[in-house]
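Read off the chains here:
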Amino acid sequence: MSFTIHNSKRSLFYFCVALLVCFGLNVDIFKDYAFLDAYELIYTADRVDNFHSLFIENGRPLYGLWCEYLYGYFFETITELKWPRAFATICCIIFSTQLFKFLTSIGFKTFESAIFALLVLTLPTFTVYFAWSTTSQIPLLLITNFYAGELLLRGFSKEKTLWQLVIISLLLVLTSMFLYQSTATTFILPFLIKTIKTNDFNLKVVKKIIAFTFVCYLLYYLLFKLTIIVSGLEAANRTSPNLLIFIKKIIKFFLFELRTLVKSSGFLLFPKLAFAAGIISFFGFFIIKIKQNISLYFSISLVLILLFCYSPYLLSSQNYFSLRTISTTAVVVLFYQFYFIRHLVLKFEKLKFGVPFLAITLLILSFFNQRKYVAGLQHKEYAILKKAFEDFDINNVDKLTIIIPKHEHLQQYGNLKNGFSDEFGHLSSARDWAPNHLFSQIKWEQKKSKTKEEVFPVRNIIVLKTNDTLKNYDLDNTINLEALFEAKFPKQ
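Since this is a predicted model, take the numbers as computed values, not measurements.

Caption draft 1: Molecular detail of the overall build of the protein. From N to C terminus, the protein includes 21 helices and three strands. Relative to the globule expectation of 23 Å for 492 residues, the C-alpha radius of gyration of the protein, 24 Å, shows essentially globular dimensions. When the backbone C-alpha atoms are referred to their principal axes, the protein occupies close to 75 × 55 × 50 Å. Partitioning the contacts of the protein with sequence separation of at least 6, the portion at a separation of at least 24 is 80%. For the protein, the distance from the average position of its 51 positive side-chain charges to the average position of its 34 negative side-chain charges is 14 Å.

Caption draft 2: Region of the structure containing the sheet that holds strand S2 (residues 461-465). In spatial order, the strands read S2-S1-S3; together these three strands make up an open sheet with parallel pairing. Among the strands making up the open sheet, the edge pair consists of S2 and strand S3 (478-480). Across the sheet, the mean angle from the axis of one strand to that of its neighbour is 20 degrees, orientation sign disregarded. In terms of strand pairing, strand S1 (residues 400-404) meets S3 through three bridges, oriented parallel. The partner of Ile403 across the bridge, within S3, is Asn480. Those strands touched by helix H20 (residues 434-447) are S1, S2 and S3, and its axis lies near 135 degrees from that of S1.

Caption draft 3: Summary view of the packing of aromatic side chains. Enumeration over the complete set of coordinates arrives at 42 aromatic pairs. Ring centres of Phe51 and Phe55 lie 5.2 Å apart, and the angle between their planes is 50 degrees; on these two criteria the pair is classed as tilted. For the ring pair Phe55 and Tyr63, a centre distance of 5.4 Å and an interplane angle of 85 degrees mean the geometry is edge-to-face. Among the aromatic residues, those joined into a cluster by ring pairs are Phe108, Phe116, Phe282, Phe283, Phe285, Phe286, Phe335, Tyr336, Phe338 and Tyr339. The aromatic ring of Trp444 is capped on one face by Arg47, whose charged end is 5.1 Å from the ring centroid. The ring of Tyr313 carries Lys249 above its face, with NZ or CZ at 4.2 Å from the centroid.

Caption draft 4: Region of interest: the layout of surface pockets. Reported here for the largest pocket is a volume of approximately 1200 Å³. Along its surface, the largest pocket is lined by 44 residues, and Asn58, Arg60, Gln181, Arg238 and Gln318 are the ones closest to its centre. Where the lining of the largest pocket is concerned, the elements lending two or more residues are helix H2 (37-44), helix H3 (53-57), helix H8 (137-157), helix H11 (203-231) and helix H15 (311-314). The biggest single contributor to the lining of the largest pocket is H11, with five residues.

Caption draft 5: Region of interest: the side chain of Gln337. Among the secondary structure elements, Gln337 is positioned in helix H16 (residues 327-347). Exposure remark for Gln337: the relative accessible area of 7% places this residue in the buried category. Beyond its immediate stretch of four places on either side in the chain, Gln337 contacts Val262, Gly278, Ser281 and Phe282.

Caption draft 6: Local environment of the state of the cysteines. What the rule picks out here adds up to zero disulfides. We note that Cys91 lacks a disulfide partner, and the nearest cysteine sulfur, in Cys92, lies 7.2 Å from it. In this structure Cys216 is not part of a disulfide, and its nearest cysteine sulfur, from Cys309, lies 14 Å away. Owing to a relative accessible area of 1%, Cys216 belongs among the buried residues under this scheme.

Caption draft 7: Broad picture of the side chain of Lys263. Looking at the secondary structure, you find Lys263 in the loop between helix H12 (243-262) and helix H13 (271-291). Glu257 provides the closest opposite charge to the buried, salt-bridge-free Lys263, at an N-O distance of 12 Å. In contact with Lys263, other than residues within four places in its own chain, are Pro271, Ala274 and Phe275.

Caption draft 8: Local environment of the environment of Ala483. One can find Ala483 in helix H21 (residues 481-488). For Ala483, a relative accessible area of 40% gives the class partly exposed. Once the C-alpha coordinates of Ala483 and Ile404 are considered, the two residues, 79 residues apart in sequence, prove to be 9.3 Å apart.

Caption draft 9: The confidence of the model for the protein, seen in detail. Residues with a pLDDT of 70 or more make up 97% of the protein, whose mean pLDDT is 91. Per-residue pLDDT, averaged within each element of the protein, yields its smallest value for helix H1 (residues 2-25) (85) and its largest for helix H5 (residues 82-105) (97).

Caption draft 10: Quick peek at unusual backbone geometry. Phi at Ser264 is positive, roughly 50 degrees, even though this residue is not glycine. Tracing the backbone through its elements, the reader meets Ser264 in the loop between H12 and H13. Exposure remark for Ser264: the relative accessible area of 5% places this residue in the buried category.

Caption draft 11: How the structure looks around the packing of H8 against helix H10 (residues 189-198). At a minimum axis distance of 7 Å, the contact between H8 and H10 shows a crossing angle of 60 degrees. The angle between H8 and H10 falls in the class oblique. Touching Phe146, Gly149, Glu150 and Leu153 of H8 are Leu189, Pro190, Phe191 and Lys194, all from H10. Residue composition of the contact of H8 with H10, by class: five nonpolar, one polar and two charged.

Caption draft 12: Quick peek at H21. Listing the buried residues of H21 in full gives Leu481, Glu482, Leu484 and Phe485. Looking straight down H21, one finds its buried side chains confined to an arc of 160 degrees; they lie on one side. Among the structural elements, helix H18 (375-391), S1, helix H19 (409-412), H20 and S3 are those in contact with the buried residues of H21. At the N-terminal end of H21, a side-chain oxygen is found 3.1 Å from the backbone nitrogen of Glu482, two or three residues along, and the residue is Asn480.

Caption draft 13: Molecular detail of the pattern of salt bridges. What the rule picks out here adds up to eleven salt bridges. Asp32 is paired through a salt bridge with Lys82; the nearest N and O atoms lie 3.5 Å apart. Of this pair, Asp32 sits in the loop between H1 and H2 while Lys82 sits in helix H5, and the two are 50 residues apart along the sequence. Classification of Asp32 as partly exposed rests on a relative accessible area of 25%. Owing to a relative accessible area of 14%, Lys82 belongs among the buried residues under this scheme. Among the ionic pairs, Glu423 bridges to Arg324, the shortest N-O distance being 2.7 Å. Taken together, the residues Glu423 in the loop between H19 and H20 and Arg324 in the loop between H15 and H16 connect sequence positions 99 residues apart. We classify Glu423 as buried; its relative accessible area is 0%. Members of the salt-bridge network, linked through shared partners, are Asp28, Lys31 and Arg371.

What counts and what doesn't
Residues numbered from 1 in each chain as written. Predicted model: local features only at pLDDT ≥ 70, side-chain atom pairs only at ≥ 80, totals over all residues. Heavy atoms only, no water. Helix = DSSP H or I, 4+ residues; strand = E, 2+ residues; numbered from the N terminus. Rg over C-alpha atoms; globule rule 2.2 N^0.38 Å. Contact = heavy atoms within 4.5 Å. Lys, Arg positive; Asp, Glu negative; His and termini not counted. Charge placed at Lys NZ, Arg CZ, Asp CG, Glu CD. Pairing = 2+ DSSP bridges. Axes fitted to C-alpha atoms, helices over the stretch in contact; angles between N-to-C directions. Phe/Tyr/Trp six-rings, centres within 6.5 Å; stacked < 30°, edge-to-face > 60°. Lys NZ or Arg CZ within 6 Å of the ring centre and 35° of its normal. 1 Å grid on protein atoms, 1.4 Å probe; cavity = no way out; pocket = protein on both sides within 12 Å on 5 of 7 lines; lining within 4 Å. Points joined across faces, edges and corners; volume = space filled by probe spheres on them. Buried < 20%, exposed > 50% of the residue type's maximum accessible area, 1.4 Å probe, protein only. Disulfide = S-S within 2.5 Å. Salt bridge = Lys/Arg side-chain N within 4 Å of Asp/Glu carboxyl O. pLDDT = per-residue confidence, 0-100. Parallel < 35°, antiparallel > 145°, perpendicular 65-115°, else oblique. Nonpolar A, V, L, I, M, F, W, Y, C, P; charged D, E, K, R; others polar. Arc of directions from axis to C-beta. Polar contact = N/O pair within 3.5 Å; in protein donor to acceptor, adjacent residues only side chain to side chain.

This is the structure:
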């Protein structure tokens, strides 16, 4: 009992420290902006009759409900989107506290557990979760699926399987898949971390976990197909597994995604140095394990688990890498690197003074990632667009043309050296669904209307790319975003 009380106080203290550190490093999320999909969702959530259709077609009907209430009822203005971002950040901190508590419970020291749990919050994946209201459900699912993993560990570790714990775990994981499939494999983390710590590789438990995963995926697929039939819709192309794409994505994972993950939060600011340090610590982990004479099955599993964690994405036909879909794998890669550094510190005690320096460096890098490439950048873009859109007079105007910039606009004009996917270092308005919905949203907010009646309908806005050859649009009723950004963003 005394241990439980002591452990709870220790976890509460860690949570408070993580809260201060995390909000301090990600203070830009409280600024006014939306981000990519959020520009469309906040405007369409309660204005479009078939709002749920796209979510159902993509196998995420519960996510559709989440978005409807999030954007349609609770938060209706761009300024209010800071609150779901704050909610997501708190959930990330709770998930980090779960990791801290679990690590200490299986024998890791308090300081090293705190270091790892804090470093999880510096991962680029979590930087996206902090900054994007559209991913605010993901950290909550990380919490529930990690808890499902703890239940599963208890249920499968006994001589006799505790089926009530297994069933609860299955329901939690299955529910999460209808919100966001990529978080499902988070349940593997407790088993993996404990197995690495103890070197006790239980093949029977591994087989049970594989069977459990198969049942989860099968039930999800059957329920998804049933939902499609009942709704009378067609499943999106990316929901259908494709063997050729599956093989290509596995190869691509080891050639590209894994290269990105080992760099951690230095992947944009110091990519070469981060890669060198990251790849040494990553492969160093495997060298340590081989020297510990682990079994062949165990060795192979430590590699395959990376693909297992990424399997929801690998099984889809989507072939677009984004950091928001790879959280579990990112945590595993970081744990491998952390384990190697911990081993060096235990072997060479003088190195322990470098651990706080390394942790502080990664924390600072995550701060600059957020400020320069994500939330800070999105706020700056929003401020520019808000002023331009508010100043545009819609009286006697029934049509509007918006010319959007190229995806690599900031890199092309020397404003930012690097960018990644659509999450880091890129303008939201480079996507053709963002600026038109923002314009209509701004005009609605400007009028301060209490109804959801459109002030300037989205259907009256034509979005053109800078390389479009159409020249018959009215210059007086055109907003050229590329020219606007070229004047407003200074070169680095």
